[in-house]
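# Geometric and topological summary
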Amino acid sequence: MKKITMLLAVMLLSANTFAEEQVVLRFSHVVKKGAPKDLVIEKFKSLVEKYSEGRVKVENYADSALFGDRDEMKAVIEGRVDMIAPSLSKTDQLYKEKSSNPYLVLDVPFLFESPDLVKKLAGNPVLDEMAATVDKKEVKIVGVWDNGLKQLSINNKVESLADLKEKRIRVQPSAVLKATIKSWGSVPRELSYAEVYNGLLYQTLDGAENPISNLYSSRFHDVQKYLYMTNHGYLGYAWIANKKSWDGLSPENKAAVEKAAVETNKLQSDIAATANEYAKQDVNGSGMTRVLEPSAELIKEMKSKVPAAEAVLSPVQKEFYAKLKATLK
Ligand code: LMR
């Protein structure tokens, strides 16, 4: 009898030990498998599982399968998911007042004169200052990832802003993006990312603005006639973790996750840049979209409207805007 009791105790202990060691971090996002953000999360997943020697597992839920645009932020604040990486344009819920949200300054058009200047965000101290302003103390900002510059996809030829008059263009929920689209004479249509494809397919939308990697991975090139490489805006992500989940890790597991996070933050920009390069080659010749260079007139007119987007910034946001711009020369 004693032998059986001993055996049961050993089995129970080992099961508990295993159960204690197997930690699962659920990471939810809204883009398709293979989009840059998804690839970066997969990289984080592999690094966490390597550095924790399998004790910590990352489950990557793509394409709004677990939570979408409308509920992912609430879910990570309440701890119903461990990590998300929403676009900086979708971070107002981290603040008591939207006017305090410094991340929106990255929505001002033509913040980056060229795609390679995006690299100046890596390790940028102004982004650390922004992270320190978050009101919601239930979360922590683990990093900022980029997905390059946004391009304009549309179903009509565009030579100048006159050709965008009254066009319904999908935007993310950002006051700066809405002001930008309005300044073009177009109509901003706020939709979640998961709703964009059908909006374009059933033509309740005329166009959208996305990095070419998102356009390609979500197959928007099947439902848009033209893609103008305007490089007019930036798409970045706030990597957000639930603090209780993060702080609840054992010291050994937290060290492994932190090591993986530092390495992921260093690698993310190159992963995104490569994915955008490949997408540009793949879009041309596939689907229905023709990739075109914008006219000098269109870019000149779009740049002339930047003050309309700057005008919606609050005093706090204007301060961050000036500080960040000074680092992007
Ligand atoms: C969008 O809604 O267009 C983007 O934020 C989607 C994404 O997460 O890249």
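The sections below set out a description of the structure shown in this document. (Residues numbered from 1 in each chain as written. Predicted model: local features only at pLDDT ≥ 70, side-chain atom pairs only at ≥ 80, totals over all residues. Heavy atoms only, no water.)

### Let's talk about the side chain of Ser153
Test applied: What counts as a helix is a DSSP run of H or I of at least four residues, what counts as a strand is a run of E of at least two, and both are numbered from the N terminus. We call a residue buried when its accessible area falls under 20% of the maximum for its residue type, exposed when it is over 50%, and partly exposed in between, using a 1.4 Å probe and counting protein chains only. Counting of polar contacts relies on pairs of N or O atoms within 3.5 Å, with two restrictions inside protein: one atom must be capable of donating a hydrogen and the other of accepting it, and residues adjacent in sequence are counted only when both atoms are side-chain atoms. Residues are treated as being in contact if the distance between any of their heavy atoms lies within 4.5 Å.
Summarising the element assignment, Ser153 is placed in strand S4 (residues 139–154). Relative accessible area serves as the criterion here: at 0%, Ser153 is assigned to the buried category. Polar contacts involving the side chain of Ser153 include one to the side chain of Gln224, which spans 2.5 Å. Setting aside residues no more than four positions away along its own chain, Ser153 makes contact with Asp206, Gly207, Ala208, Leu215, Gln224, Tyr226 and Leu227.

### Examining the packing of helix H2 (residues 36–51) against helix H9 (residues 251–283)
As a reminder, the rule being used: Working convention: axes come from line fits to C-alpha atoms, limited for helices to the stretch in contact. Angles between N-to-C directions cover 0 to 180 degrees. Angles below 35 degrees are treated as roughly parallel, those above 145 as roughly antiparallel, those between 65 and 115 as roughly perpendicular, and all remaining angles as oblique. Each crossing gets its hand from how the near helix is turned against the far one by less than a right angle, where anticlockwise is left-handed and clockwise is right-handed. Here the nonpolar group is Ala, Val, Leu, Ile, Met, Phe, Trp, Tyr, Cys and Pro; Asp, Glu, Lys and Arg are the charged ones; every other residue, Gly included, is treated as polar.
Taken N-terminus to C-terminus, the directions of H2 and H9 make an angle of 150°; their axes are 8 Å apart at the nearest point. When the axes of H2 and H9 are compared, the pair comes out roughly antiparallel. As for how H2 packs across H9, the hand of that crossing is right-handed. Between H2 and H9, the contacting residues are Pro36, Leu39, Val40, Lys43, Phe44, Leu47, Val48 and Tyr51 on the first element and Ala256, Val257, Lys259, Ala260, Ala261, Glu263, Thr264, Leu267, Gln268, Ile271, Ala272 and Ala275 on the second. Taken together, the residues of the contact of H2 with H9 break down into 15 nonpolar, 2 polar and 3 charged.

### Observations concerning H2
Worth spelling out the cut-off: An expected span of 1.5 Å times one less than the residue number is assigned to each helix.
The first and last C-alpha atoms of H2 sit 23 Å apart over 16 residues, in line with the 22 Å expected at 1.5 Å per residue. For H2, the full list of buried residues reads Pro36, Lys37, Asp38, Val40, Ile41, Phe44, Lys45, Leu47, Val48 and Tyr51. Where H2 terminates, the next one or two residues include Glu53, which has phi positive at roughly 55°.

### A closer look at empty space enclosed by the protein
Worth spelling out the cut-off: Cavity means a closed set of points on a 1 Å grid over the protein atoms alone, one where a 1.4 Å probe fits but cannot get out, pocket means an open set with protein on both sides within 12 Å along at least 5 of 7 lines, and lining means a residue has an atom within 4 Å of a point. Grid points are joined across faces, edges and corners, and a volume is the space filled by probe spheres set on the points.
For the coordinates displayed, the defined rule picks out 1 cavity of 30 Å³ or more. Its boundaries defined by the atoms lining it, the largest cavity holds a volume of some 110 Å³. Forming the walls of the largest cavity are 15 residues, and the residues nearest its centre are Lys90, Gln172, Tyr193, Asn214 and Leu235. Within the residue set of the lining of the largest cavity, elements represented by two or more residues are strand S7 (207–210) and strand S8 (226–242). Per-class residue counts for the lining of the largest cavity are 6 nonpolar, 4 polar and 5 charged.

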